[in-house]
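What the coordinates show
Here are the chains, one letter per residue:
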Amino acid sequence: MRIRRLSEGTVNRIAAGEVIERPASVVKELVENAIDAGATQIDVAFRGGGKSLIRVSDDGIGMGPEDLALAAERHATSKLADDDLVGIRFLGFRGEALASIGAVSRLAISSRPRGGGDAHVIAVEGGHLTPPRPAALNLGTEIDVRDLFFATPARLKFLKADRTEMVEAAEVVRRMALAHPEIGFAFVTEERRLVDVPKGEGEEARIRHILGAEFMENAVSFELEREGVRLRGHAGLPTAARANSAQQYMFVNGRSVRDKLISGAIRGAYADVLPPGRFPALVLFLDCPPDRVDVNVHPTKAEVRFRDGGLVRGLIVSAIRDALAGKRQPDTGLARQTASSFRPTMPRPFNHRGFDEEEKQAALAMNMPPASAPLPEPQVAQPDYPLGQARAQIHDNYIVAQTKDGFVLVDQHAAHERLVYERLKRERAERGIETQPLLAPEVVDLDPVDVERLAAAAEMLAKTGLTLEAFGDGAVLVREVPAALGKADVAGIVRDVADELAELGVTTSVEERINHVLATMACHNSVRSGRRLRPEEMNALLREMEATPNSGQCNHGRPTFIELKLAEIEKLFGRR
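From a predicted model like this one, the values you see are computed outputs, not experimental measurements.

Glancing now at the overall build of the chain. A count of helices and strands for the chain gives 19 helices and 22 strands. The buried share of the chain, taken over its 576 residues, is 46%. Considering only intrachain contacts with a sequence separation of at least 6, the fraction spanning at least 24 residues in the chain is 68%. Just so you have it, the chain exposes about 29900 Å², and 52% of that area is on carbon and sulfur atoms.

The strands that make up a sheet are held in pairs by hydrogen bonds between backbone atoms, and each pair lies either parallel or antiparallel. Strands sit in the order β16-β17-β18-β22 across an open sheet of four strands; the sheet is antiparallel. Unpaired on one side and paired on the other, β16 (389-394) and β22 (561-565) mark the two borders of the sheet. Adjacent strand axes in the sheet meet at a mean angle of 20° when their direction is disregarded. Bridge count for strand β18 (residues 406-411) against β22 is five bridges, and the pairing is antiparallel. Bridge assignment links F407 to a residue of β22, and that residue is L564. Across the sheet, helix α13 (residues 412-430) touches β16, β17 (398-403) and β18, and the angle it forms with β18 is around 70°. Sheet strands touched by helix α18 (residues 535-547): β16, β17, β18 and β22. Its angle to β16, the strand with the most contacts, is close to 120°.

All right, on to the side chain of E201 then. Following the sequence through the fold, E201 ends up in the loop between β8 (193-197) and α7 (203-211). Here E201 falls in the buried class, since its relative accessible area comes to 17%. Within polar-contact distance, the side chain of E201 engages the side chain of R206 at 2.5 Å. Setting aside anything within four residues of it in sequence, one finds E201 in contact with P181, E182, R206 and H209.

Residues V27, I42, V145, F185 and F187 are the most contacted members of the largest nonpolar core, which totals 58 residues. Excluding residues within four positions of it along the chain, I42 makes contact with V31, A34, I35, V56, S57, D58, I183, G184, F185 and A186. Ranked by size, the runner-up nonpolar core spans 34 residues in total, among them V220, A235, L282 and A319.

What follows deals with the packing of aromatic side chains. A full pass over the atoms with the stated rule returns two aromatic pairs. Where F46 meets F187, the ring centres are 5.4 Å apart and the plane angle is 35°; that geometry is what we call tilted. Taken together, the residues span a long stretch of sequence, with F46 in strand β1 (residues 41-47) and F187 in strand β7 (residues 184-188) at a distance of 141 residues. Across this residue pair, the class does not change: F46 and F187 are buried. For the ring pair F251 and F285, a centre distance of 5.2 Å and an interplane angle of 15° mean the geometry is stacked. Taken together, the residues F251 in strand β11 (residues 248-252) and F285 in strand β13 (residues 282-287) connect sequence positions 34 residues apart. In this structure, R543 is placed above the aromatic ring of Y385, and the distance from its NZ or CZ to the ring centre is 3.7 Å.

Conventions adopted
Residues numbered from 1 in each chain as written. Predicted model: local features only at pLDDT ≥ 70, side-chain atom pairs only at ≥ 80, totals over all residues. Heavy atoms only, no water. Helix = DSSP H or I, 4+ residues; strand = E, 2+ residues; numbered from the N terminus. Buried < 20%, exposed > 50% of the residue type's maximum accessible area, 1.4 Å probe, protein only. Contact = heavy atoms within 4.5 Å. Areas by Shrake-Rupley, 256 points an atom, 1.4 Å probe, with all protein chains shown as cover. Pairing = 2+ DSSP bridges. Axes fitted to C-alpha atoms, helices over the stretch in contact; angles between N-to-C directions. Polar contact = N/O pair within 3.5 Å; in protein donor to acceptor, adjacent residues only side chain to side chain. Core = buried A, V, L, I, M, F, W, Y, C linked by side-chain atoms within 4.5 Å. Phe/Tyr/Trp six-rings, centres within 6.5 Å; stacked < 30°, edge-to-face > 60°. Lys NZ or Arg CZ within 6 Å of the ring centre and 35° of its normal.

This is the structure:
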């Protein structure tokens, strides 16, 4: 077959296949155009899963008939004053969206320029454009997209259920709304209004509006700037992590992105506090000069490329880690779950057997002590510690501490595990981990594959304070362990470290591997469940938690303590 030129309609439909994947893609392109037009209110109507109707109305600057005639042509745009693709300051710039949409649907664009002039409308059906004609419109632009993919019916077979497409489109608007709190957004379907936020909100108010009050209560704010790159946002607490990354919202210069570098930096920032398979909720805004980020690397502009990726990654990791390290407040969702788990029960009938008549009457009457009885001495005021003063240990594992306005329940094993881990990390960063030679080197029997794995990682393990070497085909000889571990179970540590190295694989960075090994060793040396603690030991643990970063969760991402406020306790007993 000889080479031939494709028709204009075919070219447009091919281009539409790259840009317009589903109804949500149409919503994204049209809403971005409205934002670029300076709109302060954007309304989206969505019918029939986006196949019947998508209507986007805005109060932006609008267009006259000359611009309308060009708007639906391919590669026609008002957003590039020249041919410079470096200093892009708008969300859209290629001039492909309207032409692509018009190639696969019945498109109508009505617009009235701001500051005077009449409204006009153009229609595009399957790529065929009709000239502008007068229309009735008060202000801005209104775009109707009907019968989406009627010109490419094969694409309809790949769409999901109407409700699924509706949710995807609404999520696009939610993301846009988060990035632009100064603009009002509405997303309306046949059944209900899924998004409705007013214009002129502050950033925190908009986040609370979109993601809910619970997210804000269980998130820490962060802000950092280096070399002209500014980062800000809210990072969810590790104890409020999710099963997927759907609640991660990332924006670069106001553009919603799904960027591998940013996602990897977020994983790195949470590596110490989240187990594999859990994802933090997060809202992240990154602003930088346009010439330091390339947004023209993906058909839908969902990915970007930074000139200095190392700077961006370091900025994200540092900002989020520092914010999490300074946060000790527990997850309020856990507190609510704790309070709701209590159920009022009727007391069991009092068993009077074994009491004489006088004792029985006293028990029933609950007589107060006589007035002449001495009053108890007043308690000495205790310092107002954030985690309170230890009052009891229950089930040989949980510390009950009284705070100024409630009480705290601490998992002693999980808490001490975090303390030992942070101590080891701090030692390594400051002067290197202090080691203690074993009086008699210990031989640990292992599978030959594990022996090889440990021997290959011997240099890296030495940085964690664990000095070992191969001892024949099926054993290793351990010579030194970290001094902070005290009388540790050496064999157990070595076996667990071997398992950890096998799971991490060779693609994990050395730093991450070292931290995982330190976490494994800390788990072995922490205060075990079932160990009875003296009051001074419990209080010492609480004070060290208050001074240690990330002490709100153990090395596996589980909470180390929960707090119940006095107001919540009083509600349980009907006092409020």
